[in-house]
Amino acid sequence: MLGGHDFTGRLAHYKERIADGRPVAVHADPKPTCFVNDREIAAVLEWAAGADFTGVVNACSHGELDVLALCEVIAAKVGRRPVYERGESPYSFERYYAMDNSRATSLGFTFSHVSDWLEEAVACA
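Once a new chain begins, its residue numbering starts again from 1 and follows that chain's sequence as written. Local features in this predicted model are restricted to residues whose pLDDT is 70 or higher, and side-chain atom pairs enter the listing and the counts only when it is 80 or higher, whereas totals over whole chains, interfaces and linings include all residues. With hydrogens and water excluded, all non-hydrogen atoms of the structure serve as input to the side-chain values.

Draft legend 1. Quick look at the packing of aromatic side chains. Here the aromatic set is Phe, Tyr and Trp, taking the six-membered ring for Trp, and pairing holds for ring centres within 6.5 Å; pairs whose planes are under 30 degrees apart are stacked, those over 60 apart are edge-to-face, and all others are tilted. The full count for this structure, using the stated rule, is six aromatic pairs. Measuring from ring centre to ring centre gives 5.2 Å for Trp-47 and Phe-53, while their planes differ by 35 degrees; the resulting arrangement is tilted. For every residue, the accessible area (1.4 Å probe, protein chains only) is compared with the maximum for its type, and the residue is labelled buried under 20%, exposed over 50%, or partly exposed between those bounds. According to the relative accessible area criterion, Phe-53 is buried, its value standing at 18%. On the numbers, 5.5 Å between centres and 75 degrees between planes, the contact of Phe-93 with Tyr-97 is edge-to-face. For Tyr-97, a relative accessible area of 41% puts it in the partly exposed group. Members of the aromatic cluster, joined through ring pairs, are Trp-47, Phe-53, Phe-109 and Phe-111.

What follows is the structure, encoded as structure tokens:
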């Protein structure tokens, strides 16, 4: 999940480090993953609670993002280039973690694209 209201502070971690000029730890070859923002996941839960289907659905916005692309969006918002170091951080993944939201989509939920809300989430973090 990505959002300005994420109680874990993961997005704020990146924003603060980049704004302060401190290095962000990333894997040597970070892999992309899927994200959902805080408001969209709340909408998915509300939708699922009132739906008549059974079984599991995945909730993620359309589009994938790796930690480097995320840092570039943050950098544009804070006006400072990211500095990287090798290591691990909350959104740097050494394996490809993607979700398929097609079941939820076929059942009627309309997901946004990560690019629709990412800049706002960064601004709110």
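Still more to cover.
Draft legend 2. The side chain of Ser-112, seen in detail. Only DSSP runs of H or I reaching four residues or more are called helices, and only runs of E reaching two or more are called strands; each is numbered from the N terminus. Among the secondary structure elements, Ser-112 is positioned in the loop between helix H4 (102–106) and helix H5 (114–124). According to the relative accessible area criterion, Ser-112 is buried, its value standing at 19%. There is a polar contact of 3.5 Å between the side chain of Ser-112 and the side chain of Ser-61. Contacts are residue-level and defined by heavy atoms, with any inter-residue pair within 4.5 Å sufficient. Contact partners of Ser-112, with chain neighbours within four places excluded, come to Glu-40, Ser-61, His-62 and Trp-117. Polar contact criterion, stated in full: a pair of N or O atoms within 3.5 Å, where within protein one must be able to donate a hydrogen and the other to accept it, and residues adjacent in sequence count only if both atoms are side-chain atoms.

Draft legend 3. Summary view of H5. Turning to H5, its buried residues are Val-114, Trp-117, Leu-118, Ala-121 and Val-122. Viewed along the axis of H5, the buried residues span an arc of 145 degrees, placing them on a single side of the element. The outward face of H5, more than 90 degrees from its buried face, is lined by the exposed residues Asp-116 and Glu-119. Residues of H5 that are buried sit in contact with helix H1 (10–20), helix H2 (38–50), strand E3 (64–65) and helix H3 (67–78). It is the directions from the helix axis to the C-beta atoms that the arc portrays.

Draft legend 4. Fine view of the environment of Val-114. With respect to the secondary-structure elements, Val-114 resides in helix H5. Overall, the relative accessible area of 5% leaves Val-114 in the buried class. Taking the C-alpha atoms as reference points, Val-114 and Val-36, 78 residues apart in sequence, are found 7.2 Å from one another. Beyond its immediate sequence surroundings of up to four residues, Val-114 is in contact with Ser-61, His-62, Gly-63 and Leu-65.

Draft legend 5. Structural detail: the packing of H1 against H3. Direction vectors running N to C along H1 and H3 enclose 60 degrees, while the axes themselves pass 9 Å from each other. Here H1 lies oblique to H3, going by the angle between them. At the point where H1 passes H3, the crossing takes the right-handed sense. Together, Leu-11, Tyr-14, Lys-15, Ile-18 and Ala-19 of H1 and Val-67, Leu-70, Cys-71, Ile-74, Ala-75 and Val-78 of H3 make up the contact between the two elements. Residues were grouped as follows: Ala, Val, Leu, Ile, Met, Phe, Trp, Tyr, Cys and Pro as nonpolar; Asp, Glu, Lys and Arg as charged; and all remaining residues, including Gly, as polar. Split by residue class, the contact of H1 with H3 holds 10 nonpolar, no polar and one charged. Fitting a line to C-alpha atoms yields each axis, with helices limited to the stretch in contact; the angle taken between N-to-C directions then spans 0 to 180 degrees. Here the word oblique covers every angle except those under 35 degrees (roughly parallel), over 145 (roughly antiparallel) and from 65 to 115 (roughly perpendicular). Should the near helix be turned anticlockwise from the far one by less than a right angle, the crossing is termed left-handed; should it be turned clockwise, right-handed.

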